[in-house]
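This is what each chain is made of:
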Amino acid sequence: AVAAEVFNRQKVHDNIRAGAAFDRAYVLMNILAAVIASYGLLANSPAVVIGAMIVAMLIGPIMGMSLSLVEGDYRLTRSALVSLVGGVVLVYATAFVIGLLHRDIPITPEILARTSPNLLDLIVAIAGGAAGAYAAVSSRLSVSLVGVAVATALVPPLCASSILLGRGELGLALGAFELAFVNIVAIQAASAVVLWLVGFRGVTRRGGRSLRGFLARSSLSLILLVLLAGLMGFNLQQTVREQLFRSRTAEVIRRAVEEWPGAHLAEVRYEKAGAAAVVRAVVRAPAAPTSQQVAHVEELIHKAPDGSGVELRVRYVPLEIITPDGVIQVRDDLTDPEDE
């Protein structure tokens, strides 16, 4: 009774089926979404990336797959899967061409931000999928707005992956594609559960009302979701450990550098070089630090999160103080003689 008050079941079914169709509008809008998202990523503009999702239509076939699995409509499963794969290919190919045309543009933070998926991304995708499914059956909500929010988790990572692939960054490209795949699985599984809960349990096929039947039809996506949750949880743990290592290392270096006469830490960078984690510190000082000082600081740094050793490399930048009267001689024991 409650479900009947919220939605017209047959109308919702028809709308979802129509949204899963691979037609001219679907092709055109996804290509345009890929163009806008790709240039937003290259321009490092979050506003443009989000705005691109107004025209994206990848949510349609995902919702179609969810409804088909809930109701046991395998014909809709096939057509929705074809539409989804076709849309992903269209977005990926479009972004790949754009990436090749603009290989001179450096990889931006907006692109890199989508290369390391973790459990937080999975939770966001699950919530987005549930919101999209409920909006599709509710007379009070607009499914198009929720579709835009969900699409932000699909088209940008696909475009980022394709652009990175064109640059030869296979590892980063795989990470961005993994994010898109995780989001697709999470959105589909979450929306299927919501549709089942609100009453879509066998409109097109007899015997589809049982929970056992729903779990059997959705077993693949649910198993994938559980496996991905474990992987994303591990990734999140690694990310947290990496961030803690970086913050602790920066603090250790900062305290050590403060003991060097007149010196201060300007920047700390991290990278992986072979089996060791390389920490690059930029230090401004009136005199270059000795190798013994650098070795002492390196001993204070703990091992990297993966257990590998740490190599500290200090870049020394000479410190000068310039006034209208000329350069003030900086002594080793003080940064500025005027402070005496």
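Bear in mind the structure is a predicted one, so any value in this text is a computation, not a measurement. (Residues numbered from 1 in each chain as written. Predicted model: local features only at pLDDT ≥ 70, side-chain atom pairs only at ≥ 80, totals over all residues. Heavy atoms only, no water.)

(A) Spatial organisation of the packing of helix α5 (residues 59–71) against helix α11 (residues 170–197). Viewed as axis vectors pointing N to C, α5 and α11 meet at an angle of 50°, and their least axial separation amounts to 8 Å. With respect to α11, the axis of α5 lies oblique. Handedness of the crossing formed by α5 with α11: right-handed. Touching Ile59, Ile62, Met63, Met65, Ser66, Leu67, Leu69 and Val70 of α5 are Ile184, Ile187, Gln188, Ser191, Ala192, Leu195 and Trp196, all from α11. Taken together, the residues of the contact of α5 with α11 break down into 12 nonpolar, three polar and no charged. (Axes fitted to C-alpha atoms, helices over the stretch in contact; angles between N-to-C directions. Helix = DSSP H or I, 4+ residues; strand = E, 2+ residues; numbered from the N terminus. Parallel < 35°, antiparallel > 145°, perpendicular 65-115°, else oblique. Left-handed = near helix turned anticlockwise from the far one by under 90°. Contact = heavy atoms within 4.5 Å. Nonpolar A, V, L, I, M, F, W, Y, C, P; charged D, E, K, R; others polar.)

(B) Up close: the nonpolar core. Grouped together as the largest cluster of nonpolar side chains are 59 residues, with contacts concentrated most on Val70, Ile111, Val155, Leu158, Cys159, Leu195 and Phe200. Those elements that provide at least two residues to this core are α2 (9–19), α3 (24–42), α5, α6 (74–101), α8 (119–137), α10 (155–166), α11 and α13 (219–258). By residue number, the principal contributor to this core is α11, which donates 13 residues. Residues Ala263, Ala277, Val279 and Ala281 belong to the second largest nonpolar core, which totals 18 residues. (Core = buried A, V, L, I, M, F, W, Y, C linked by side-chain atoms within 4.5 Å. Buried < 20%, exposed > 50% of the residue type's maximum accessible area, 1.4 Å probe, protein only.)

(C) Inspection of the pairing of strand β3 (residues 310–318) at higher detail. Taken together, the nine bridges between strand β2 (residues 276–285) and β3 define a ladder with parallel strand orientation. Following the sheet pairing, Arg284 is matched in β3 by Val317. With helix α14 (residues 291–300) bridging β2 and the parallel β3, this β-α-β connection has right-handed handedness. (Pairing = 2+ DSSP bridges. Right-handed = clockwise from strand over helix to strand, strands pointing away.)

(D) Broad picture of a nonpolar patch on the surface. Side chains of Leu81, Val85 and Val89 sit close together on the surface and give an oily, nonpolar patch of about 250 Å² of accessible area. Its place among the elements puts Val85 in helix α6. A residue is classified by how much of its surface remains accessible, and Val85, at 45% relative accessible area, is partly exposed. (Patch = residues over 30% accessible without salt bridge, like charges linked within 9 Å, V, L, I, M, F, W, Y side chains within 5 Å. Areas by Shrake-Rupley, 256 points an atom, 1.4 Å probe, with all protein chains shown as cover. Salt bridge = Lys/Arg side-chain N within 4 Å of Asp/Glu carboxyl O.)

(E) Broad picture of the confidence of the model for the protein. For the protein, per-residue confidence averages 82 on the pLDDT scale, and residues scoring 70 or more make up 85% of the total. Element-level pLDDT for the protein is lowest in helix α1 (residues 2–6), with a mean of 43, against a maximum mean of 94 in α10. Overall, residues 1–6 carries pLDDT values under 50, and its contacts beyond four positions in sequence, including any with other chains, amount to five contacts. In the predicted structure, residues 203–208 sits below a pLDDT of 50 and forms 13 contacts with residues beyond four places in sequence or in another chain. (pLDDT = per-residue confidence, 0-100.)

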